[in-house]
Amino acid sequence: MLKIGKFIARNATKANHVDRQRLGAVSRFYITNPLEINAEIVLGKDIINYNSRTMILVPRFQSPLLLREFHCSASRLKRRKTAEEKKSPRIIEYSPKKAQPGKSDAADVWRHMSVAQLAKELERSLDDVQEAMLYVKGADNIEPDAKIPDLQIIQEIAKKLAVKTRVVAPPDNASEDDQKERDVTPRPPASAELLKPRPPVVTVMGHVDHGKTTLLDSLRGADVAAGEAGGITQHIGAFTVTLENGERVTFLDTPGHAAFSAMRARGAVATDIIVLVVAAEDGVMAQTREVIQLAKEAQVPIIVALNKIDKPEANIEKSKQELTQMGLALEEHGGDVQVIPISALKGTNLQLLAEAVSTQATLMGLKADPTGFVEGIVVESKTDPRRGKLSTAIVSRGTLRKGSVLLSGLAHAKVRGLFDHNGQPLNEAPPGTPVEILGWRELPLAGELILEVETEKKAHAVLKYREQEAQREKIESSSDEIRKKEEEHQAKYRAEREARRLAGRFRVRGGQRVKQMDDNEGKPRVSVIIKGDVHGSVEAILDVLETYNSNENCRLDIVHYGVGNVTEGDLELAKAFDAIIYAFAVEAPQPKFAKDVNIRSYNIIYRLIDDLKEQLSNKLPPVEVEEVLGEANVLQNFLINEGRKEVPVAGCRCTKGVLKKAQKFRLLRDGETVYDGSLESMRHLKNEVDTIKKDVECGLRLKDTKVLPQAGDILQCYTTNTEAQKTDWDPGF
Ligand SMILES: Nc1nc2c(ncn2[C@@H]2O[C@H](COP(=O)(O)OP(=O)(O)OP(=O)(O)O)[C@@H](O)[C@H]2O)c(=O)[nH]1
Ligand SMILES: [Mg+2]
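Bear in mind the structure is a predicted one, so any value in this text is a computation, not a measurement.

What counts and what doesn't
- Residues numbered from 1 in each chain as written.
- Chains lettered and ligands numbered in written order.
- Predicted model: local features only at pLDDT ≥ 70, side-chain atom pairs only at ≥ 80, totals over all residues.
- Helix = DSSP H or I, 4+ residues; strand = E, 2+ residues; numbered from the N terminus.
- Buried ≥ 20, exposed ≤ 12 C-beta atoms within 10 Å, placed from the backbone.
- Contact = placed C-beta atoms within 7 Å.
- Near = placed C-beta within 6 Å.
- Nonpolar A, V, L, I, M, F, W, Y, C, P; charged D, E, K, R; others polar.
- Core = buried A, V, L, I, M, F, W, Y, C linked by C-beta atoms within 7 Å.
- Axes fitted to C-alpha atoms, helices over the stretch in contact; angles between N-to-C directions.
- Parallel < 35°, antiparallel > 145°, perpendicular 65-115°, else oblique.
- Left-handed = near helix turned anticlockwise from the far one by under 90°.
- Pairing = 2+ DSSP bridges.
- Expected span 1.5 Å × (residues − 1).

J.: Would you mind showing me how to read the overall build of the protein here?
T.: Scanning the protein for helices and strands turns up 15 helices and 39 strands. Counting the 733 residues in the protein, one finds 32% classified as buried. In the protein, the share of contacts with a sequence separation of at least 24, taken over all contacts with a separation of at least 6, comes to 69%.

J.: Explain the site of ligand 1 here, please?
T.: By nearness alone, 22 residues border ligand 1, and Gly 211, Thr 213, Ile 232, Thr 233 and Gly 256 come closest of all. Here the shell around ligand 1 takes 3 residues from helix 7 (residues 212–220), the largest share from any one element. Here the residues of the shell around ligand 1 are counted per class, giving 6 nonpolar, 11 polar and 5 charged.

J.: Would you explain the nonpolar core in this entry?
T.: Generally speaking, nonpolar side chains in soluble globular proteins are found buried as a group. Judged by nonpolar contacts, the single largest core of 102 residues is most densely connected at Ile 274, Val 275, Leu 276, Val 304 and Ala 305. If we ignore the near neighbours within four places in the chain, the residues touching Ala 305 are Leu 215, Val 275, Leu 276, Val 277, Ile 340, Ile 342 and Leu 353.

J.: Where do I start with the packing of helix 3 (residues 115–122) against helix 4 (residues 126–134) in this structure?
T.: The axes of two packed helices give the description: the angle between them and the distance between them. Across the interface, helix 3 lies against helix 4 with an axial gap of 9 Å and an inter-helix angle of 110 degrees. Judged by the angle between their axes, helix 3 and helix 4 are roughly perpendicular. Like other packed secondary-structure pairs, helix 3 and helix 4 cross with a definite hand, here right-handed. For the pair formed by helix 3 and helix 4, the contact residues are Val 115, Ala 116, Leu 118, Ala 119 and Leu 122 on the first element and Leu 126, Val 129 and Gln 130 on the second. Tallied by class, the residues present in the contact of helix 3 with helix 4 amount to 7 nonpolar, 1 polar and no charged.

J.: Whenever I open this one, the pairing of strand 14 (residues 273–279) confuses me. Can you help?
T.: Remember that side chains alternate between the two faces of the sheet whenever the strand is regular. Of all 7 residues that make up strand 14, 7 are buried, and the element is covered over most of its length. Here strand 14 shows a buried face lined by Ile 273, Val 275, Val 277 and Ala 279 and a second buried face lined by Ile 274, Leu 276 and Val 278. Bridging between strand 11 (residues 201–206) and strand 14 involves 5 bridges; their strand directions are parallel. Among the inter-strand pairings, Gly 206 is bridged to a residue of strand 14, identified as Val 277. For strand 14 and strand 15 (residues 302–307), the ladder comprises 6 bridges, and the chain directions are parallel. Bridge pairing in strand 15 links Val 277 to Ala 305.

J.: What is the right way to look at the sheet that holds strand 39 (residues 714–723) in this model?
T.: Working definition: the strands of a sheet are paired by backbone hydrogen bonds and lie parallel or antiparallel to each other. In spatial order, the strands read 34-33-39-30-31-38-35-36; together these 8 strands make up an open sheet with antiparallel pairing. The sheet terminates laterally at strand 34 (672–677) and strand 36 (687–688), the two strands that pair on one side only. Sheet topology note: the strand 35 (residues 679–684)/strand 38 (residues 697–702) ladder contains 4 bridges and is antiparallel. Following the sheet pairing, Arg 683 is matched in strand 38 by Gly 699.

J.: What am I meant to see in the packing of helix 8 (residues 261–269) against helix 9 (residues 286–298) here?
T.: Packing of helix 8 against helix 9 leaves a shortest axis separation of 9 Å and a crossing angle of 40 degrees. The orientation of helix 8 relative to helix 9 falls into the category oblique. Crossing handedness for the pair helix 8 and helix 9: right-handed. Residue-level inspection shows Ser 261, Arg 264, Ala 265, Ala 268 and Val 269 of helix 8 in contact with helix 9, the latter providing Glu 290, Val 291, Leu 294, Ala 295 and Ala 298. The residue makeup of the contact of helix 8 with helix 9, split by class, is 7 nonpolar, 1 polar and 2 charged.

J.: Would you explain the environment of Ile 154 in this entry?
T.: Residue placement: Ile 154 occurs in helix 5 (residues 151–160). Among the residues examined, Ile 154 registers 26 C-beta atoms within 10 Å and is labelled buried. As for Ile 154 and Val 136, which are separated by 18 residues in sequence, their C-alpha atoms are 9.2 Å apart. Not counting chain neighbours up to four residues away, the residues in contact with Ile 154 comprise Val 109, Met 113, Leu 118 and Ile 148.

J.: What exactly am I supposed to notice about helix 9 here?
T.: The α-helix advances 3.6 residues per turn, and as a result positions three or four apart in sequence lie on the same side. Over its 13 residues, helix 9 extends 19 Å from the first C-alpha to the last, a length consistent with the 18 Å expected when each residue adds 1.5 Å. On its buried side, helix 9 packs onto strand 11, helix 8, strand 14 and strand 15. Positive backbone phi, approximately 55 degrees, marks Gln 299, located one or two places after helix 9.

J.: Would you mind showing me how to read the sheet that holds strand 26 (residues 525–532) here?
T.: Read from one edge to the other, the open sheet built from 4 strands follows the order 27-26-28-29, with strand pairing classed as parallel. The strands lining the two open edges of the sheet, one partner per strand, are strand 27 (555–563) and strand 29 (598–602). Averaged over neighbouring strand pairs, the angle between their axes works out to 20 degrees when direction is ignored. Examined bridge by bridge, strand 26 and strand 28 (residues 579–584) share 6 bridges and lie parallel to one another. Residue pairing for strand 28: Ile 529 is matched across the bridge by Ile 581. On top of the sheet, helix 13 (residues 535–546) reaches strand 26, strand 27 and strand 28; it is set at about 170 degrees to strand 27, its chief contact. Across the sheet, helix 15 (residues 605–619) is in contact with strand 26, strand 27, strand 28 and strand 29; its angle to strand 29 comes to roughly 150 degrees.

J.: Hey, could you run me through the environment of Leu 134 in this one?
T.: With respect to the helices and strands, Leu 134 occurs in helix 4. Residues Leu 134 and Ile 157, spaced 23 residues apart in sequence, show a C-alpha to C-alpha distance of 9.2 Å.

Here it is as structure tokens:
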């Protein structure tokens, strides 16, 4: 392409039917062919009007030239990039706004500024501003603290005072003050005259199968234990029982299985009294110890129910001894822990236990303030496909009614319905009552505090604030993590660099660069999605998965988890990540809707974990397992002639099992392996044989003739089998 530049441009202006002025700004022409100009005319604003293919006669060539293109883009005026600049990536730079020398004469204004703030910004007296406001429509409240929500009104006031305005964001300190007000916290303790007696909250805890649920069933005439999947409790249950003396007691039933430690911990925190159920036949077990520890930490009094005394193997004295050893000061030894031998199944001594509970409650003088904003604690939460998000909570202060606006962590609710443990609607829930709350917009987390606020607007503001705080904390913690990772990476890099330097400057030429392998590449992996019926069970499963410690053999990835039925989104996720969906006590879609997705439904936690272990094991490569078939002692070594060569033969006697010629042999000398390989020949007397039994003598020739067996060596015959590997993960139950 020939560049003619300004010369042609000048000439072009002489073209008879092109207006001289219009072409005045032409700066560059490109000519591909003397008769055909591929012209790029820059900055010829007017020339835009010319269509391409306009004919211009350029005197130099004295022939009509075809102007193919008028290009008027300003970009053509740009300075050419240097080769250097072309190489560097394109960086878009925005020219900074003009710096403002000092304060501009315009006053800063913002929406919702107060009259006093406006006066300050306008640099006028408050009186002046208030006077100006009298002439502005809509500016009715002239109190210094009154906020003006309308920007137009603010600008109008400024105009009346002849000050230019500039709209800016509200200053930070104002919003900070606002933010402090945005969170809600429990109220300070109520004054004594407001306090009214309330039912005690009693949590029944103990080792798995020691009879907690049966005890509560007997106390309230229900039959929950019989209907439980796998015979174990997997939820925390809350209900009120009216004792024979007419007193009401709120009971929490907790699971005893090892996997549910978080539920037990929550139970211990939310309660006034712990009834520790110990089966007299078993005595103190792992979870009994855990409960004693939890009670100590939460400083909650314990009453021991020594259960199953109807059983012949029950040993009350031994159990009591073990309890004393655990540090419990039993009443009979002058302490304050009552031990009541009962039989939950037969109903023996239940009255005594109930009395012990009421006495303890009376001693504690449990009272609460039933007025004002509600406070409570979430015991459990779940998503019901028909009723939506639900939580079981215990009210600790105030009286909960329909229509209240509640906040719990990052969830909020406008209470649409209140139900007792039997699903009967309640009008109100005073302190100490367990209640099912309907109307949550988000699912509250079990164990979280519930606080009532005046309006939904307030709830939204608090939520926004809490979300921001959560986000900030997340960023802070993740930045720590990033820094740590970076340091680790740097350390690794430095070590590698050092190693490279020590090894000298050696680089494989021509070969492809090996892409750096991801640490986990090539490793087997099991991805899972967990869906559970309630928050507590999902949490329990996650807690168990947390103990997984065999990532170097097979990675376990939790792609997603949540409360509720298996949804379409879960299926999509499972497909995308090739994940297994574990549905714990929730509905899974029919197989025809869940094609290609592995959904595994369970309602007993240990079965689910067993299945997961199997899935993990299936992913592990098979391992070679050695089996020793027999052993022989080398009695002497002699050389025989084989063609022209002399080869060593070990004269042996089989001492254990059998020797098989086709299998592998290992020669051991003083415990060390001298040879590991196959046999060339196996002879008994003069005959070549395939097997040698115990106590039979034989002559064995090894494949490697350089190895010389010696008297006293041991020859081991072994075989290797491939066996499926089992994951070494032990969740502890
Ligand atoms: N003989 C006898 N058996 C009992 C007694 N109490 C409970 N059982 C039996 O013990 C088994 C376990 O009882 P549960 O009430 O389910 O035990 P649990 O402590 O609630 O168990 P988890 O909730 O799984 O920790 C059941 O088969 C009961 O019938 C008792 O007093 N005597
Ligand atoms: Mg139970």
